[in-house]
Structures are given as structure tokens and as C-alpha cells.
Amino acid sequence: MWSRRSLLFVLGGTGVALYGYKPAFYKSMGFVLNNIIKREVKKQKYDGVLVGDTHSHTTNSDGRKSVDSCMNLAIGRGLDFLLITDHLDPLFPKEHFLRTVKESNEFLIRNEEKIMSCPAVEITTKQGHLIAYFPEDYLKKPGDLVYLNYLRSLEKTIMLVHSIGGRCIVAHPALGNSSRNVYGAKENTIRTFAYEIDNIEQDNGMYPLIDRKKSNSFKISGVSASDSHLGIDVGSCFGKFPNKGSLFDSLNAGMIKGYSPVFDKFGRMPIEEAIRFYSRNEWVV
């Protein structure tokens, strides 16, 4: 069996030979991730379930790839759905995520039946980041989504999302070894509002040390998601959900099981950090 160091060295050297130094390691890591994710997704797909990623970003906020690129990557890796959750915060006001909703709808019209999605956004609240997702109808008519805003309290944001027909996911909660994560809601906050929260992330590609035991203690349905920013890490963590017809209803039914195949292969280093780390030709694994 090849060691991880040997495998990465060979892939990196091949990438340099084919593409030149600058893009070589990104292409090599993209190849590695593609194969790991596709294999695991294929194993988990069967009739009656939907497999997909509930947290990703594009160039409409702080991501590196366009909506079309992320969607095409998800299709290529066999995912049934992808939620694009561009930020709503002082740096990225609502025009940015509304553009994502528009571009997602245009992509889905052009690629009917290849992938599913529904409108989603990652909102910065006073107590941490919160993902809100909405029925598919909002893709064509965003309507009440214009009332969403940032830096409200977590409770008021959840109440607003629910009032306009959406559901909420606590993104990368600051639990356990991930407690220094300044963007996630803290344990006391989650416990206080647990009765209003619909879902909580148990695996996140950017924050891999979330304490699952603590997360489960809230009795909130868990999700696994990549939190992709580079694009090539789309699907690096994903969930399996019962197929209830519409994606919104399937997500509401709760995750059957979450998967993090890249963590399983390379250890629990933040995926984006790992890719950048390897791309600098630092081979200590």
C-alpha cells in the first residue's frame, strides 16, 4: 500500500510535469478529492434517498468558483443536490445571495433533472452563523427573501426565517475542540434556543473538530456539509436524506447519516487548509 506522503508526492510531481508549478497541486488535490468523493457517494446512493451537500460558497460571496462551476462539480461527483449558501453579512449584503438564487435557478432550468437545489443563505447573526433554506418555489420568485438581514439576534433571525417558510441549520457550532471557532454559535446559545433550531452541523469541512457528543445532546437533527470555499472541495462532507419528492421536504425529514470521506482518508485537518498546505509543496502529512 502507498503511504499518504508517497501518494501526494507522486500526484504533485505528475501535476508539475503536466501543468507547471502554480496550478499543479490544486489540480492534483482536485483529482484526489474527485475520486474519494465519487467512490463514497456511489456507495451511499440507492432508491429512496437523496445524497448531497448543504453548505457551499461561490464568487457571489467569499468562494473561489462560480455557481455553475460548483453545480457542475456536484453533478460530476454524483450528488443529488447542492445548497449554495453564500453569505449575508456586512461584506456581502443581500444583493449577493439574491444573485446566487437567480443564477442557481438559471442553471437548474438549463440542466433539468441533473441536480436539485433550493434557495439558501448563510446569515451572520449576533450569536454566530445560521444557514437558512427555503422551498424550491423561492428560486423563481424570491419574494420574502428580501426581508432577511444580518446582525440580528439568533432568535429573531430564526423567527423571521420560519415566518417566511424557511428552516434553519446552525453552521459550524463552536463545540468541543472547535470552541475557538468565532463564527459558530456557542453551546449555551444553542441550548437556550434548541427548541427553535431545525438542524445543526455535525461535520463541516472547514471546522472538522466539532464535538458530535455535545451536538447530539441537544436532540437536534444533524447534518454533514463541506462548507466549500475553493469549489474543488464540494461534497467533501455530505449527508444522506430520505427522498420525499421535493428537496425541501427531504431535508426537513432529517438526515439518515452523514459522511466525511476526505477526513477519513487524510485525517481531521480543515479541508481547505489541507489543500492549501499541500499546494505549497509541504509534504509532512
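Right above here is the structure, for reference.
Because the structure is a prediction, the values reported are computed rather than measured.

A. Focus on the environment of V41. By the element assignment, V41 lies in helix α2 (residues 21–44). For V41, a relative accessible area of 1% corresponds to the buried category. Residues V41 and S236, spaced 195 residues apart in sequence, show a C-alpha to C-alpha distance of 9.9 Å. Sequence-distant contacts of V41, defined by excluding residues within four places in its chain, comprise V51, R77, G78, L79 and F238.

B. Main features of the packing of aromatic side chains. A full pass over the atoms with the stated rule returns four aromatic pairs. The interplanar angle of 65 degrees and the centroid separation of 5.8 Å between the aromatic rings of F81 and F241 together place this pair among those described as edge-to-face. Placement of the pair is F81 in strand β2 (residues 81–82) and F241 in strand β9 (residues 238–242), with a sequence separation of 160 residues. In terms of burial, F81 and F241 fall into one category: buried. With a centroid separation of 5.6 Å and an interplanar angle of 65 degrees, the aromatic rings of Y133 and F248 are classed as edge-to-face. Linking Y133 in strand β5 (residues 128–133) with F248 in helix α9 (residues 247–252), this pair joins segments that are 115 residues apart in sequence.

C. The sheet that holds strand β10 (residues 257–259), seen in detail. Read across the sheet, four strands follow the order β2-β1-β9-β10 without closing on themselves; strand pairing throughout is mixed. If you trace the sheet from one side to the other, it starts and ends with β2 and β10, each paired once. Here strand β1 (residues 49–53) pairs with β9 via four bridges, running antiparallel. Across the sheet, residue V49 finds its bridge partner in β9, namely P242.

D. Fine view of the pattern of salt bridges. All told, the structure shown has eight salt bridges when counted by the stated rule. Ionic pairing is found between E187 and K214, a salt bridge with its closest N-O pair at 3.4 Å. Within this pair, whereas E187 is found in helix α7 (residues 187–193), its partner K214 is found in helix α8 (residues 212–217), the two being separated by 27 residues in sequence. Judged by relative accessible area, which is 32%, K214 ranks as partly exposed. Residue D203 pairs with R212 through a salt bridge whose shortest N-O separation is 2.3 Å. Judged by relative accessible area, D203 falls into the buried class, the value being 2%. Residues joined in a network through salt bridges with shared partners are E187, R191 and K214.

E. Structural detail: the nonpolar core. Counting residues in hydrophobic clusters, the biggest one holds 54 residues, and the most contacted among them are L82, F134, L145, L148 and I190. Sorting elements by how many residues they give to this core places α2 first, with five residues. If near-sequence neighbours (up to four positions away) are discounted, I190 is found in contact with V170, P173, L175, A185, I197, I200, F218 and I220. Of all hydrophobic cores here, the second largest spans 15 residues; its members include C118, A120, A171 and L247.

F. Quick peek at the side chain of T125. Tracing the sequence through the fold places T125 in strand β4 (residues 120–125). Overall, the relative accessible area of 5% leaves T125 in the buried class.

G. Inspection of the pairing of β4 at higher detail. Most of β4 sits out of view: six of its six residues are buried. In this fold, the crossover linking strand β3 (residues 87–88) to β4 by way of helix α4 (residues 94–110) has right-handed handedness. Two strands pair when backbone bridges link them, and β4 and β5 are joined in this way by six bridges, in the antiparallel orientation. If you follow I123 over to β5, its bridge partner there is L130. Hairpin geometry of β4 and β5 is characterised by an intervening segment of two residues between the two adjacent antiparallel strands.

H. Expanded view of the pairing of β5. Burial analysis of β5 places six of its six residues in the buried class, which makes it a mostly covered element. Sheet topology note: the β5/strand β6 (residues 167–170) ladder contains four bridges and is antiparallel. Of the residues in β6, the one forming a bridge with L130 is V170.

Definitions and cut-offs
Residues numbered from 1 in each chain as written. Predicted model: local features only at pLDDT ≥ 70, side-chain atom pairs only at ≥ 80, totals over all residues. Heavy atoms only, no water. Helix = DSSP H or I, 4+ residues; strand = E, 2+ residues; numbered from the N terminus. Buried < 20%, exposed > 50% of the residue type's maximum accessible area, 1.4 Å probe, protein only. Contact = heavy atoms within 4.5 Å. Phe/Tyr/Trp six-rings, centres within 6.5 Å; stacked < 30°, edge-to-face > 60°. Pairing = 2+ DSSP bridges. Salt bridge = Lys/Arg side-chain N within 4 Å of Asp/Glu carboxyl O. Core = buried A, V, L, I, M, F, W, Y, C linked by side-chain atoms within 4.5 Å. Right-handed = clockwise from strand over helix to strand, strands pointing away.

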